[in-house]
Amino acid sequence: MFLKRACDIVGALLVLAVLGLPMAVVALAVRVTSRGPALYWSQRVGRYNRLFAMPKFRTMRVDTPVVATHLLGDPARHLTPIGSFLRKTSLDELPQLWCILTGQMSFVGPRPALFNQDDLIAARTARDVHLLLPGLTGWAQVNGRDELSIPDKVVLDAEYLARRSFLFDLRILAMTAIKVIGAADIQH
């Protein structure tokens, strides 16, 4: 546990040192290309099902309903001019480094559910997945991401709970890098 936390802190600081300037450029681009703030803070479910505020670079218009993207009738019509690019490159996720530094998230773990995804929260709780810190990436993310049904996602999250280790986390991080470079499994 201590090793994972130490790696999270060091890793987040290193990523911020390397990507701090590009993140500032992205924030400026979001502000210039659409009305509203650069960051969108959403209520997410963390460890022990506690709510926390998770930042992302805003990819949707400010008047978009607060639901999971796949529940929007036509997600593309809600995107900002650079929203699709930010999502395909996963650049919208970078502000979550803040949550890693504050201990609300880890680099690897189940992706945090939205506060209103009751079915996902209940299924994860039944499988003890709620005992884990949520992650910037996770086993379910690299095995289907947006294409997974909730039951399939929870099975993979529970598998991560059972198999978690430093080497497994490294494998997931490597798989994430490959997926991000290829923009794989991203539908919106």
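Owing to the predicted nature of the structure, the values given are computational and were not obtained by experimental measurement.

Reading the values: rules and limits
Residues numbered from 1 in each chain as written. Predicted model: local features only at pLDDT ≥ 70, side-chain atom pairs only at ≥ 80, totals over all residues. Heavy atoms only, no water. Helix = DSSP H or I, 4+ residues; strand = E, 2+ residues; numbered from the N terminus. Expected span 1.5 Å × (residues − 1). Buried < 20%, exposed > 50% of the residue type's maximum accessible area, 1.4 Å probe, protein only. Contact = heavy atoms within 4.5 Å. Polar contact = N/O pair within 3.5 Å; in protein donor to acceptor, adjacent residues only side chain to side chain. Pairing = 2+ DSSP bridges. Phe/Tyr/Trp six-rings, centres within 6.5 Å; stacked < 30°, edge-to-face > 60°. Lys NZ or Arg CZ within 6 Å of the ring centre and 35° of its normal. Patch = residues over 30% accessible without salt bridge, like charges linked within 9 Å, V, L, I, M, F, W, Y side chains within 5 Å. Areas by Shrake-Rupley, 256 points an atom, 1.4 Å probe, with all protein chains shown as cover. Salt bridge = Lys/Arg side-chain N within 4 Å of Asp/Glu carboxyl O.

S.K.: Describe helix 5 (residues 150–163), with residues and values.
M.R.: In a regular helix each residue adds 1.5 Å, so 14 residues correspond to 20 Å; helix 5 covers 20 Å between its end C-alpha atoms and thus fits that length. Along helix 5, the residues classified as buried are Val154, Leu156, Asp157, Ala158, Tyr160 and Leu161. Among the structural elements, helix 1 (2–33), strand 3 (106–108), helix 4 (118–126) and helix 6 (166–182) are those in contact with the buried residues of helix 5.

S.K.: Explain the environment of glycine 46 residue by residue, including any values.
M.R.: Positionally, glycine 46 belongs in the loop between strand 1 (39–45) and strand 2 (51–57). On the basis of relative accessibility, which here comes to 7%, the residue glycine 46 falls in the buried class. When the C-alpha positions of glycine 46 and leucine 71 are compared, they lie 21 Å apart, and in sequence the two are 25 residues distant.

S.K.: For the side chain of threonine 64, give the residues involved together with the corresponding values.
M.R.: If you trace the backbone, threonine 64 turns up in the loop between strand 2 and helix 2 (83–89). From its side chain, threonine 64 meets the backbone oxygen of arginine 61 in a polar contact 2.9 Å long.

S.K.: Report on the sheet that holds strand 1, specifying residues and quantitative values.
M.R.: Strand order across the open sheet formed by three strands is 2-1-4, with antiparallel pairing between neighbours. Here the strands that pair on one side only, and so sit at the sheet edges, are strand 2 and strand 4 (113–114). As paired strands, strand 1 and strand 2 are joined by seven bridges and run antiparallel to one another. Of the residues in strand 2, the one forming a bridge with serine 42 is methionine 54.

S.K.: Now, about the packing of aromatic side chains: what can you tell me, with residues and values included?
M.R.: Following the criterion strictly, the structure yields two aromatic pairs and no others. Taking the centre distance of 5.8 Å and the plane angle of 25° together, the rings of tyrosine 160 and phenylalanine 168 count as stacked. Across the pair, exposure class does not vary: tyrosine 160 and phenylalanine 168 are buried alike. Site record: aromatic cluster; members linked through ring pairs are Trp139, Tyr160 and Phe168. Sitting over the face of the ring of tryptophan 139, arginine 163 holds its NZ or CZ atom 5.4 Å from the ring centroid. Its guanidinium or amino end placed over the ring of phenylalanine 168, arginine 163 lies 4.2 Å from that ring's centre, counting from NZ or CZ.

S.K.: Before we move on, can you summarise a nonpolar patch on the surface with the specific residues and values?
M.R.: A surface patch of nonpolar side chains, about 480 Å² in accessible area, is lined by Leu3, Phe166, Leu167, Leu170 and Leu173. Mapped onto the fold, leucine 167 is located in helix 6.

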